[in-house]
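# An overview of the molecular structure
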Amino acid sequence: MPEPILQVSGLHKWFGALHVLQGIDFSVAAGERVAIIGGSGSGKSTFLRCLNFMEMPTSGRIALDGTPLGRVSAGKPDTVRYPEGELCRVRERVGMVFQQFNLFPHMTVLENAMEGLVTVKRMKKAEARERALRELDKVGLGGKTDVYSGRLSGGQQQRVAIARALAMEPEILLFDEPTSSLDPELVGEVLRVIRQLAEEGRTMLLVTHELGFAYHFATKVIFLADGVFHEVGTPDEVLKHPRQERTRAFLERFTEFSF
Amino acid sequence: MTYQWDFSPILARWPMLLDGLFNTVKIAAVAIVLGVLVGLVLALLRLSPRRFLRLPASVFVEFYRNTPPIVHFFWFFYALPVVLNISLDPLVAAVLALSTQSGAFYAEVFRGGIRSIERGQWEGARALGMSHAQLMRRIVLPQAATRMFAPFVERSFELIKTTALASTLAYGELLYRAMMVNSETFRPLEVYTAVALLYLVLLVSCSALARVAEARLTAYR
């Protein structure tokens, strides 16, 4: 078993009185591809968003390369403080693709893909441009570099967002329901890009409702319910031969209207 | 009875009015630049998660929002020498009064603009590893600027018109010069009509410039 890159222990997240994540232990090793499924409100997006600190964990620790992140102040073992610089470095290494793309509308496609390189990595413009173009080519948008992102279709926007994340050369990529806000006919072009990344052996976590894609994509599937990992296993185990009643009930809802 | 309009005494003194117009533009320009700086600082303070930074900025804004502008002019010019033994010349007092009050108003414009930027933009920037300062400079402020533009121009026009209050400190801006011309010519109707026209020309030119700037700023939409 290879060393885990990212390790989570005892993760809890509260939103006010709502206990969204109720103690999660998890780790991901290089080359693993994890699909996270579950009903809406199960906490799957919140879990993913805690991994790059889009949400701050209420308690628990997250470690990168074996080093726990944040500082615990003396006498208060439950409160972890995260200095901004540390969060920035983590986010450089753990990239994210959002459901709503979150491209920067005041920039062109190329500028979007270059932005992290120039501003965060302080790379020279020419070099950043070269790398951004390479990633845009990879997602099939090498011909749209000078277009403002708002003029693209949803599928194209999401592919730019993937190129923007890839340009940073993250060690782990997080996908938060990357196709959920797309028209059905645009889902395929985004999933094909993600499948291509899987073939390159990248480490990825994917929150999705596309169970068919999860089956082919993942090395591990997690079924999250009520803020805990209800069932974890290979795609075959969780999606085809679920042991838990709850998992079975969830999967049946997806086949209810199939033909 | 019909009034006999006669602009010739005013036209004879046009260099005086022109000088006043120049002083109006000067005081307005300085107050806008300083007001933007004050406003930006106040807006960032008011958006801070820390209460001890938010509170003084809120008090400042509320003070200026809820007191008449002319009082600020009097306060800087007449009260400061008495209270703190600092006496300012009319220009400095007027600039201070204008830029602090416009700073308070600009702060609200900026704060509204910054808060109107969707959460997804902040998250998209953070997810790339940007610091707060970087995401403000590269992502939030450039987009907020386009949304702030119209209310910003509106406030600046208010400010330009408020410069007329500097006449109460005997600063030689347009209105003060007009009063001087009036006392020499006894032609108040003509003098103040001319002044209104000069303000009109000034502000209409400004709004033409503003339209050009806005079109450039929002070109990406």
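Every chain begins its residue count from 1, and numbering advances along the sequence as written. Here every chain gets a letter starting at A, and every ligand a number starting at 1, in the order they are written. In view of the model being predicted, local features appear only for residues whose pLDDT reaches at least 70, and side-chain atom pairs are presented and counted only at 80 or more, with totals across whole chains, interfaces and linings using the full set of residues. Hydrogens and water molecules were not included; the side-chain quantities draw on all heavy atoms of the structure.

## A look at the overall build of chain B
- Per the secondary structure count, chain B includes nine helices and zero strands.
- Put simply, DSSP H or I for four residues or longer makes a helix, DSSP E for two residues or longer makes a strand, and each gets a number counted from the N terminus. Taken from N to C terminus, the helices and strands of chain B fall in the order α-α-α-α-α-α-α-α-α.
- Viewed in the frame of its principal axes, chain B has a C-alpha envelope of about 75 × 45 × 30 Å.
- Partly exposed describes any residue whose relative accessible area lies between the buried limit of under 20% and the exposed limit of over 50%, with all areas from a 1.4 Å probe on protein chains only and scaled to the type maximum. Relative to its 221 residues, chain B shows a buried fraction of 44%.
- By the convention used here, residues are in contact when the closest approach between their heavy atoms is within 4.5 Å. For chain B, the share of sequence-separated contacts (at least 6 apart) that also reach a separation of at least 24 residues comes to 75%.
- Accessible surface, chain B as shown: approximately 11,500 Å² in total, 68% of it carbon and sulfur.
- For the purpose of counting charges, residues Lys and Arg are taken to be positive, whereas Asp and Glu are taken to be negative. His and the chain ends are not included. Where a charge lies is defined by one atom per residue type: Lys uses NZ, Arg uses CZ, Asp uses CG and Glu uses CD. Looking at charge distribution, chain B has the averaged site of its 21 positive side-chain charges lying 13 Å from that of its 13 negative ones. Surface accessibility follows the Shrake-Rupley procedure with a 1.4 Å probe radius. Residue values consider only the protein chains on display as shielding.

## Focus on the interface of chain A and chain B
- Taken residue by residue, the interface counts 25 residues in chain A and 22 residues in chain B.
- Both faces combined, the contact of chain A with chain B buries some 2,000 Å², and carbon together with sulfur accounts for 58% of it.
- Any Lys or Arg side-chain nitrogen located within 4 Å of an Asp or Glu carboxyl oxygen qualifies as a salt bridge. Linking chain A with chain B are two salt bridges.
- Arg138(B) serves as the salt-bridge partner of Glu115(A), at 2.7 Å between the closest nitrogen and oxygen.
- Side-chain atoms alone can form a polar contact between residues adjacent in sequence; in general such a contact is a pair of N or O atoms within 3.5 Å, and within protein one must be able to donate a hydrogen while the other accepts it. Inspection of the region where chain A meets chain B yields nine residue pairs in polar contact (both at pLDDT 80 or more).
- Secondary-structure elements contributing two or more residues to the side of chain A that touches chain B are α2 (84-93), β8 (94-97) and α3 (109-120) of chain A.
- Class assignment of the residues belonging to the side of chain A that touches chain B gives a composition of twelve nonpolar, five polar and eight charged. Buried area is understood as the total, over both parts, of accessible area removed when two parts are fitted together, assessed with a 1.4 Å probe. Side-chain classes follow a simple rule in which Ala, Val, Leu, Ile, Met, Phe, Trp, Tyr, Cys and Pro form the nonpolar group, Asp, Glu, Lys and Arg form the charged group, and the remainder, Gly included, forms the polar group.

## With respect to the nonpolar core
Residues and elements named next belong to chain A.
- Only buried residues count toward a nonpolar core, which is a set of Ala, Val, Leu, Ile, Met, Phe, Trp, Tyr and Cys residues joined through side-chain atoms within 4.5 Å. Within the largest apolar cluster, 112 residues are counted, with the highest numbers of intra-cluster contacts made by Ile37, Ile162, Phe175, Ile194 and Phe217.
- Not counting residues up to four positions away in its chain, the partners in contact with phenylalanine 175 are Leu48, Val97, Ile162, Ile194, Leu197, Met204, Leu205, Leu206 and Val207.
- Judged by nonpolar contacts, the second largest core, of 34 residues, contains Leu6, Phe47, Val94 and Leu224.

## Here's the deal with the pairing of strand β1 (residues 4-15) of chain A
All names here are of chain A.
- Paired strands are those between which DSSP finds at least two bridges. Note that β1 and strand β2 (residues 18-29) share nine bridges and pair antiparallel. Bridging from a neighbouring strand, leucine 6 pairs with valine 28 of β2.
- Connecting β1 to the antiparallel partner β2 that follows it, the hairpin turn spans two residues, and glycine 16 within it adopts a positive phi of roughly 60 degrees.
- By the bridge criterion, five bridges tie β1 to strand β4 (residues 59-64) in an arrangement that is antiparallel. When the bridges of β4 are listed, valine 8 appears paired with isoleucine 62.

## Re the sheet that holds β2(A)
- Spatially, β2-β1-β4-β5 (chain A) is the arrangement adopted by the four strands of the open sheet, whose pairing is antiparallel. Edge positions in the sheet fall to β2 and β5 (67-68) of chain A, since each has one partner strand and no second.

## Some words on helix α4 (residues 69-83) of chain B
Residue and element names in this part refer to chain B.
- Here α4 is 15 residues long and its end C-alpha atoms lie 20 Å apart, about the 21 Å a rise of 1.5 Å per residue gives.
- Every buried residue of α4 is accounted for by His72, Phe73, Phe76, Phe77, Ala79 and Leu80.
- Lining the buried residues of α4 we find α3 (51-65), α5 (90-115) and α7 (132-162).
- Just downstream of α4 lies asparagine 85, where phi reads positive at about 60 degrees. Here the expected length of a helix is defined as 1.5 Å per residue gap, with one fewer gap than residues.

## Quick look at the layout of surface pockets
- Cavity: a set of points on a 1 Å grid over the protein atoms alone where a 1.4 Å probe fits but cannot get out. Pocket: an open set with protein on both sides within 12 Å along at least five of seven lines, its lining residues, like those of a cavity, having an atom within 4 Å of a point. Grid points are joined across faces, edges and corners, and a volume is the space filled by probe spheres set on the points. One number sums up the size of the largest pocket: a volume of about 420 Å³.
- Those elements that place two or more of their residues in the lining of the largest pocket are α5, α6 (119-127) and α7 of chain B.

## Concerning the UniProt feature "transmembrane region" (unreviewed entry) in chain B
- Per the UniProt record, the feature "transmembrane region" (unreviewed entry) sits at residues 20-45, 73-98 and 191-213 of chain B.
- For residues 191-213 of chain B, the helix share is 100%, the strand share is 0%, and the end-to-end C-alpha distance is 33 Å. UniProt positions are given in the numbering used here, feature names are shortened, and annotations may be inferred rather than shown by experiment.

## Topic: the sheet that holds strand β12 (residues 228-233) of chain A
Residues and elements named next belong to chain A.
- Reading across from one edge, β8-β9-β10-β3-β11-β12 is the order of the six strands in this open sheet, with mixed pairing throughout. Each end of this open sheet is capped by a strand with a single partner; those strands are β8 and β12. Along the sheet, successive strands turn relative to each other by an average axial angle of 20 degrees, direction set aside.
- Here four bridges tie β8 to strand β9 (residues 172-176), and the two strands are oriented parallel to one another. Its bridge partner being in β9, glycine 95 is matched across the sheet by leucine 173.
- An axis is simply a line fitted to the C-alpha atoms; with a helix, the fit covers only the stretch in contact. Between two such axes, the angle follows the N-to-C directions and lies from 0 to 180 degrees. Against the sheet, α2 makes contact with β8 and β9, and its axis sits at roughly 70 degrees relative to β8, the strand it touches most.

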